[in-house]
Amino acid sequence: MRLRSQVKKLMASTVVLPEKVVRIAGGEVLPMPDSLREKAKLIIYVDSLECRSCRLSKIPMYERIIPAAKSYGVEVMILMANRTYSGITLTQYIADIDLGVPIYVDEECTFLSLNPAAAPDSRLHSFLVNRQGTPVLVGDPVLSPGIAELFARVLQQGI
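Residues numbered from 1 in each chain as written. Predicted model: local features only at pLDDT ≥ 70, side-chain atom pairs only at ≥ 80, totals over all residues. Heavy atoms only, no water.

Before going further, it helps to examine the environment of Q6. Relative to the helices and strands, Q6 is located in helix 1 (residues 2-11). Counting along the chain gives 115 residues from Q6 to D121, while the straight-line C-alpha distance between them is 8.4 Å. In contact with Q6, other than residues within four places in its own chain, are A117, P120, D121 and L124. (Helix = DSSP H or I, 4+ residues; strand = E, 2+ residues; numbered from the N terminus. Contact = heavy atoms within 4.5 Å.)

Along any regular strand the residues' side chains alternate between the sheet's two faces. With four bridges connecting them, strand 1 (residues 21-25) and strand 2 (residues 28-31) associate as antiparallel partners. The residue of strand 2 that forms the bridge with A25 is E28. Count of turn residues in the strand 1/strand 2 antiparallel hairpin: two residues, of which G26 carries a positive phi of about 60°. (Pairing = 2+ DSSP bridges.)

Residues at a pLDDT of 70 or more form 96% of the protein chain, whose mean pLDDT is 91. When mean pLDDT is taken per element in the protein chain, strand 8 (residues 126-129) scores highest with 97 and helix 2 (residues 52-58) scores lowest with 72. (pLDDT = per-residue confidence, 0-100.)

On to the side chain of N115, then. Within the element layout of this structure, N115 appears in the loop between helix 5 (111-114) and strand 8. According to the relative accessible area criterion, N115 is buried, its value standing at 5%. (Buried < 20%, exposed > 50% of the residue type's maximum accessible area, 1.4 Å probe, protein only.)

Pasting the structure below:
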């Protein structure tokens, strides 16, 4: 019952991206393009409390949904909270290992404070938002076959 209430609250909110976000792709670290703020996107937020190595090992799985999402004008945004990893900054670590997909780093770890409706439960840290930032689907299509079906249906219907 509590999760249902939290999902309803998230679906009624507007998701805000932090000001200081960098994009890491192909070993390059650049500021997040401002144009991403106005695009529909699947946001996969990885909190600083989650097991980094567990999540990092699953990131290449997103390669399979990125082309389909892009064909519908939807960006896949894997957004990670900044912290050190094995003694080096997360940004440097990800740039060094090149995971094959773009990774975004919330440099000041402000995503959850900007989006309190997503904060209480890590199951609410993955969602598809429309161009206005309103969630239209909650869940991770890579980790859940049911959400993957809904994700495909929402993309086909247009968001």
